[in-house]
Amino acid sequence: MFLGRARELEAIGALLDGARNGAGGALLLQGEPGIGKSTLLAHAGGLAAGMGVRAIAGVEAEADLPFAGLAEILVPHRELIDGLPRVQASAVRTALALGEEPAATADAVATLQGTLSLLAAAAAERPQLLLIDDLPWLDPPTRDAVAFVARRASELPLALVVAQRPCAEPVPPGMTTLEVTGLDRADSLELLGGVGLAANVANRVAAAAAGNPLALQEIPRELSGPQRQGSAPLTAPLPAGATLAGVYESRLAALPAEARQALLLAAASEATDRDALARALEAGGSGIANLAPAEDAGLVRLEAGAVAFTHPLVRSAAYHGASAAERRAAHRALADTAGGASAAWHRAAAAEGPDLEVAEQLAAVAAEAAARGAPGSAADAFERAVQAAPEGPERYGWALGAGYAALAAGQVDRARRLLDALLPTVTDPLARADVQRVRAGAMMLSGDPIESQTLLLAEAERIGERDPTRRAALLMDAGVAQMASGDMSGLVAVAEGALEAARRAGDPDPLLPAVMLAEALAVQGDHERAAAIVARLEQPDTAAVTANPEVLAVAGLCFMWLEQYDRAGEWLDHLIADARAAGAVRALPMPLSVRACLDIRRGDLARAETQAREAVAIAEVAAAGFVQTFALSTLATVLGWRGDAGPCRSMASRALEIEASLGMNGTRAFTELALTTLHLGLGETAAAAEHAARGIETGAAYGMRDPSFLQDGANPVEALVREGREDEALASMARLKAGAELTGGAWPRAALERCRGLLAPEGEFDAYFAAALELHDAGVAMPLERARTLLCFGERLRRAKRRADARGPLSEAERAFDRAGATAWAERARREIGATTPRRSSGAAADNGMDLDLLTHREAEVCRLVADGAQNREVAAALFMSPRTVEYHLGNAYRKLGVRSRTELAGRFTR
């Protein structure tokens, strides 16, 4: 029977019910040692009738073995691997070492996606429950896989119940945290009621245990008979909570020496099955039989095929309670029976001093982990190799490898610590440049793009012309940092420096610096020079695609800004196909995001959403900074066109949070565009004007002078006109006009004519809209932009009371928005079409003495909404007008109908 755990049991029951109904999730039970997390996990397994159940536990000794935990999770489903996509299947087999050589292109993200696909396939056969104890003691790639699956479990018949002690690591996204706290005093005393304690002793034990169930069970075992009966004094303080380890150590001390030795070997070994542990024990001069006293003492469980410690603290106490010499001896014995990475780690733990052979073995383990897509494990092994190695040239390469691997694993703080320690030991200027380049990458990811750029430029200056290849690489990275922080004029100088250095290094036509220079020129409106550069670009090879996907994807943006849409599509499709063929999943988010931007401009929102969602999913685990925020803002823009307000705002909010934390301006304007698009489609023109202004301001600070950069120049004009702020709209149109004249692009000129049509006097606007449509038709096809022009034209015609004329462009706009999937905009067009329908008087209203023929159509619409209880701002949003215009129409209606208040209007006005 459980005491005081109704909340936890209810949460677990709801999670399992959800999984059985196809919508699972992930629950994280967090609490101090001994609080009952493991017991709750075991109970959850007992509740999982009709489900496939897999239970694993993190083991401290296995935390350095990449994919050890993942193997326990996935091997039962290995027969389903052949049904996975090829890249995923290969990555999973490589990760689990299932008979294949480690792939040179093994990718952590492909492994994560393969893990999810494999569990999804198993869940399709029957709902699955995954129970994970001691999450932080799992190896890093397994923890990454658990976090990845947890984020998506709500879409599958899959439930995860995970347990861990409180730790500084952030809770993986997608997991609902439930703090497992101590029992209250009444429940504690009830739990103690069956162990034969005197009342006063039970009260002392309950107070000392502070509600910890394990302490409540263990403390009485440490008391003598007289103490339990209250006839002998109790020690103060009693062991409880944080002193549970001491309880175990005292129990271990009571065991025979042979049992303690066997427990030490079991604790030091990563073996969990009985046969493997038996071999390890024999190698150390012990045997399974020697664990019998420990089993009698409740410290281990000996089962048919496995040996398990009853609590992780038992393992910890058995290991750390031994002397250093005893621990080293245990590891020496275990190294003789272990293989591969395990043997190397045991030899490192057994070493009594620097040992080059041990260090080399660890470095080999690190290289294999990196090849298998486990950079976190590679960083662990490289760092331990540095610690094990004597002074010598090898330590530099291993230390640099540790920093690079930590950075690849997203462990930015660790990478900076490793590299900061390495830098003072490096005297060679070129080697120092390599360290500084990786350090700058860590600075970039930790939110210091300006500091990163400053460091890279200084290091490029330091090495001068001694190594043009290194100098070009440093300047390229400095350019990437500048792309994230802004200042396109500065980027021109950096890109030109990288071009010169690359040419001196023997590359007559360097691709990456050329792309960077073309971007900087195009953003600033120098389309002539940018077009000359991109005209010479040739499709990159696979090595370049996988090494530099972000910069190469920017070339796709350049083609878009130059209105070379066919070339952009060919370029981006090549990048995506090459990355997929190579299994380089990490190379996909940026080109996928840019491809989605192109699909938006071409009016295919369904394809854009597919591309953007994949980019976001991969970027969550494989990217950071600029790439992640660009993916989020691109998906937000698609959702904004659709009018999916909640998801759009959620994606934009995440992007804005990351941008603010990293001090990046490079994608802020993209995010503001998404929100502007959403609010314009929903008719929330005040909010649209606000976000449009922020986007324009951010773009200007970035150095943006090309209106095609985001195609956002017309947005503030449209929003401000609807808000009645014509003077501000004219100022915004002037900025658009300057950009159109600078670049000469078809879209800026068409958008400018649309804006002129919005602001022109009655009788003059037709010509401007006609000119805009001609430019749309003569330039590259942009269905959504053409539909926006038709919508604005129709709205202007309708406001001029030319209702019959308005129906044509409005209907054409509605069809175009519907074809593209721009749901909110299509609905906006339909409302305008409805406003062109001839008015009919309402019999009910006439019966109440109200003649609707006295009202204009707009006044009647306003009255109906007000009579239904809508406030002015809600009416404004529904009818795409400003609150001030609502007040104007409502005042006219009051006067014509002879009513004095909203209440009177509601009482007399009936549909």
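Residues numbered from 1 in each chain as written. Predicted model: local features only at pLDDT ≥ 70, side-chain atom pairs only at ≥ 80, totals over all residues. Heavy atoms only, no water.

## Side note on the overall build of the protein
Within the protein one finds 48 helices and seven strands. Counting only C-alpha atoms and orienting by the principal axes, one finds that the protein spans roughly 105 × 80 × 50 Å. By residue count, 56% of the 911 residues in the protein fall in the buried class. Considering only contacts in the protein between residues 6 or more positions apart, those separated by 24 or more positions represent 67%. With an accessible surface of roughly 35,900 Å², the protein has 51% of that area assigned to carbon and sulfur atoms. Both charge centroids of the protein, one from 91 positive and one from 116 negative side chains, sit 6 Å from each other. (Helix = DSSP H or I, 4+ residues; strand = E, 2+ residues; numbered from the N terminus. Buried < 20%, exposed > 50% of the residue type's maximum accessible area, 1.4 Å probe, protein only. Contact = heavy atoms within 4.5 Å. Areas by Shrake-Rupley, 256 points an atom, 1.4 Å probe, with all protein chains shown as cover. Lys, Arg positive; Asp, Glu negative; His and termini not counted. Charge placed at Lys NZ, Arg CZ, Asp CG, Glu CD.)

## What about empty space enclosed by the protein?
One pass over the full model with this rule turns up six cavities of 30 Å³ or more. The space that makes up the largest cavity amounts to roughly 280 Å³. In terms of lining residues, the largest cavity is bounded by 21 residues, among which I600, R601, T637, L673 and L710 are the most central. Of all elements in the fold, only α29 (549-561), α31 (589-601), α33 (625-642), α35 (668-682) and α41 (783-799) reach the threshold of two or more residues within the lining of the largest cavity. Of all the elements, α33 adds the most residues to the lining of the largest cavity, at four residues. Partitioned by chemical class, the residues of the lining of the largest cavity number 12 nonpolar, six polar and three charged. (1 Å grid on protein atoms, 1.4 Å probe; cavity = no way out; pocket = protein on both sides within 12 Å on 5 of 7 lines; lining within 4 Å. Points joined across faces, edges and corners; volume = space filled by probe spheres on them. Nonpolar A, V, L, I, M, F, W, Y, C, P; charged D, E, K, R; others polar.)

## A closer look at the packing of aromatic side chains
As enumerated under the stated definition, the model contains 11 aromatic pairs in all. Seen from their ring centres, F630 and F670 are 4.9 Å apart, and the 90° between their planes marks the pair as edge-to-face. You can see F630 sitting in helix α33 and its partner F670 sitting in helix α35, a full 40 residues away along the chain. With respect to class, F630 is no different from F670; both count as buried. Summarising the aromatic geometry, the rings of W641 and W825 are spaced 5.1 Å apart at their centres and angled 40° between planes, so their arrangement reads as tilted. Remark: W825 occurs in helix α43 (residues 823-835) and W641 occurs in helix α33; sequence separation between them is 184 residues. Grouping residues by exposure puts W641 and W825 together as buried. The structure contains a cluster of three or more aromatic residues connected by ring pairs, namely W561, F626, F630, F670, Y702 and F709. (Phe/Tyr/Trp six-rings, centres within 6.5 Å; stacked < 30°, edge-to-face > 60°.)

## Side note on α33
With 18 residues, α33 should cover 26 Å at 1.5 Å per step; its first-to-last C-alpha distance of 26 Å lies within 8% of that length. Taken across its 18 residues, α33 has 18 buried, putting it largely inside the fold. Positive backbone phi, at 85°, marks G643, one or two positions downstream of α33. (Expected span 1.5 Å × (residues − 1).)

## Re the confidence of the model for the protein
Of all residues in the protein, 94% have pLDDT values of 70 or greater, and the mean over the chain is 87. A low-confidence stretch, residues 839-849 stays under pLDDT 50, and its non-local contacts, those more than four residues away or across chains, total 18 contacts. (pLDDT = per-residue confidence, 0-100.)

## Observations concerning the pairing of strand β3 (residues 128-133)
The element β3 is extensively covered by neighbouring structure, given that six of its six residues are classed as buried. Neither face of β3 is exposed, since Q128, L130 and I132 on one face and L129, L131 and D133 on the opposite face are all buried. Across six bridges, the pairing between strand β2 (residues 52-57) and β3 is parallel. If you follow V53 over to β3, its bridge partner there is L129. Of the strand pairs in this sheet, β3 and strand β4 (residues 158-164) are connected by five bridges, and their pairing is parallel. By the bridge assignment for β4, L129 is matched with A159. (Pairing = 2+ DSSP bridges.)

## With respect to the pattern of salt bridges
Counting across every chain of the model gives 58 salt bridges. D526 is the partner of R529 in a salt bridge, and the nearest nitrogen-oxygen pair spans 3.9 Å. Residue classification places R529 among the partly exposed positions, given a relative accessible area of 40%. Connected via shared salt-bridge partners are E718, R722, R754, E785, R788, E795 and R828. (Salt bridge = Lys/Arg side-chain N within 4 Å of Asp/Glu carboxyl O.)

## Quick notes on the sheet that holds strand β1 (residues 25-30)
With respect to topology, five strands assemble into an open sheet ordered β2-β3-β4-β1-β5, the strand pairing being parallel. At either end of the open sheet lies a strand with only one pairing partner, and these are β2 and β5 (175-179). Mean inter-strand twist for the sheet, computed between neighbouring axes without regard to direction, equals 15°. (Axes fitted to C-alpha atoms, helices over the stretch in contact; angles between N-to-C directions.)

## Some details on the packing of α29 against α31
One way to put it is that α29 packs onto α31 with a least axis distance of 8 Å and a crossing angle of 15°. In terms of orientation, α29 lies roughly parallel with respect to α31. Note that α29 runs across α31; the crossing there is left-handed. Residues P549, E550, A553, V554, G556, L557, M560 and W561 of α29 lie in contact with α31, whose contacting residues are M590, P591, V594, C597, L598 and R601. Across the contact of α29 with α31, the residue classes tally to 11 nonpolar, one polar and two charged. (Parallel < 35°, antiparallel > 145°, perpendicular 65-115°, else oblique. Left-handed = near helix turned anticlockwise from the far one by under 90°.)

## A few points about helix α18 (residues 356-371)
The first and last C-alpha atoms of α18 sit 23 Å apart over 16 residues, in line with the 22 Å expected at 1.5 Å per residue. Among all positions in α18, only V358, A359, L362, A363, V365, A366 and A369 are buried. All buried residues of α18 fall inside an arc of 160° around its axis, so they share one side. For α18, the elements touching its buried residues are α17 (340-350), α19 (375-388) and α20 (394-408). The backbone nitrogen of E357 lies 3.0 Å from a side-chain oxygen of the residue at the head of α18, namely D355. Directly beyond the C-terminal end of α18, a positive phi value near 80° is found at G373. (Arc of directions from axis to C-beta. Polar contact = N/O pair within 3.5 Å; in protein donor to acceptor, adjacent residues only side chain to side chain.)

## Points about the packing of helix α36 (residues 685-702) against helix α37 (residues 714-722)
Where α36 meets α37, the closest approach of the two axes is 8 Å, and the angle between their N-to-C directions is 150°. Put simply, α36 runs roughly antiparallel to α37. The two elements α36 and α37 meet at a crossing, and its hand is left-handed. Where α36 abuts α37, its residues T685, A688, A689, A692 and I696 lie against N715, P716, A719, L720 and R722.

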